Amino acid sequence: MSNDASIGTRLKEDLTESFTVSVVSVLMALLALLALYSIELSVSETGGLLLALAVFIPYAYEQYWPITYSGGAAVVWTVSAALITMGIFIGTYQLAHSSVSVQYDGGIAFLVTVAVQYGIAAIFMRVYQNS
């Protein structure tokens, strides 16, 4: 298994392919961290939301989203995706916290959030391809 490009070249291409989306996702995760600091959630609960924001949004964009945006459109898309992700996570967390053991509420919120993220991206991709 040989590749013509070096590891450094491939890494640079992967990092710069959707650089705007990645940077804005990380910034939104940092803003969420500042907002959640006052609520005093546990590390696992906060980490789940940060992971969903900083890692899974750029991944869903690169792998499933059928349209490539640049500049301001990429920023708007990413901020919108981050706000939706935060809303889903916090809403699911509250529902799980009130009806399930406190031990599992962060994990349930994380799994539901990631499933909804990929579900929305996959449905949009399918609709976009069929139209």
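About the cut-offs
- Residues numbered from 1 in each chain as written.
- Predicted model: local features only at pLDDT ≥ 70, side-chain atom pairs only at ≥ 80, totals over all residues.
- Heavy atoms only, no water.
- Helix = DSSP H or I, 4+ residues; strand = E, 2+ residues; numbered from the N terminus.
- Contact = heavy atoms within 4.5 Å.
- Areas by Shrake-Rupley, 256 points an atom, 1.4 Å probe, with all protein chains shown as cover.
- pLDDT = per-residue confidence, 0-100.
- Axes fitted to C-alpha atoms, helices over the stretch in contact; angles between N-to-C directions.
- Left-handed = near helix turned anticlockwise from the far one by under 90°.
- Nonpolar A, V, L, I, M, F, W, Y, C, P; charged D, E, K, R; others polar.
- Core = buried A, V, L, I, M, F, W, Y, C linked by side-chain atoms within 4.5 Å.
- Buried < 20%, exposed > 50% of the residue type's maximum accessible area, 1.4 Å probe, protein only.
- Parallel < 35°, antiparallel > 145°, perpendicular 65-115°, else oblique.

### Observations regarding the overall build of the chain
- Of regular secondary structure, the chain possesses 5 helices and 0 strands.
- Along the three orthogonal principal directions, the C-alpha set of the chain runs to about 50 × 35 × 35 Å.
- A fraction of 72% describes how many contacts in the chain between residues 6 or more apart in sequence connect residues 24 or more apart.
- For the chain, the exposed surface amounts to about 8300 Å²; the carbon and sulfur share of it is 66%.

### Here we look at the confidence of the model for the chain
- Looking at the chain as a whole, the pLDDT averages 84, with 91% of positions reaching at least 70.
- Mean pLDDT across the secondary structure elements of the chain bottoms out at helix 1 (residues 7-17), with 69, and peaks at helix 4 (residues 72-99), with 91.

### Focus: the packing of helix 2 (residues 19-37) against helix 4
- The geometry of helix 2 relative to helix 4 is characterised by a closest axis approach of 9 Å and an angle of 40 degrees between their N-to-C directions. Remark: the crossing between helix 2 and helix 4 carries right-handed chirality. On helix 4, the residues touching Thr20, Val21, Val24, Ser25, Met28 and Ala32 of helix 2 are Ala74, Val75, Trp77, Thr78, Val79, Ala82, Leu83 and Met86.
- Across the contact of helix 2 with helix 4, the residue classes tally to 11 nonpolar, 3 polar and no charged.

### A look at the nonpolar core
- Leu49, Leu53, Ile57, Trp77, Ala82, Met86 and Phe110 are the most contacted members of the largest nonpolar core, which has 26 residues in total.
- Contributing elements (two or more residues each) for this core: helix 2, helix 3 (43-63), helix 4 and helix 5 (105-130).
- What Ile57 contacts, discounting residues up to four positions off in sequence, is Ser25, Ala52, Trp77, Thr78, Ala81, Ala82, Thr85 and Gln117.

### Points about the environment of Leu50
- Structurally, Leu50 is set in helix 3.
- Sequence separation between Leu50 and Met86 is 36 residues; the distance between their C-alpha atoms is 9.4 Å.
- Apart from the residues within four sequence positions on either side, Leu50 is in contact with Ala29, Leu33 and Val55.

### Quick notes on the packing of helix 2 against helix 3
- It is the contact of helix 2 with helix 3, at a shortest axis distance of 9 Å, that shows an interaxial angle of 165 degrees. With respect to helix 3, the element helix 2 is oriented roughly antiparallel. As helix 2 packs across helix 3, the resulting crossing turns out to be right-handed. Here Val21, Ser22, Ser25, Val26, Met28, Ala29, Ala32, Leu33 and Leu36 of helix 2 come into contact with helix 3, specifically with Thr46, Leu49, Leu50, Leu53, Ala54, Ile57, Pro58, Tyr61 and Glu62.
- Tallied by class, residues from the contact of helix 2 with helix 3 come to 14 nonpolar, 3 polar and 1 charged.

### Some thoughts on the side chain of Thr92
- Along the chain, the position of Thr92 falls in helix 4.
- In this structure Thr92 comes out as buried when scored by relative accessible area, which is 14%.
- The contacts of Thr92, once residues within four sequence positions are left out, are Ile108, Ala109 and Val112.

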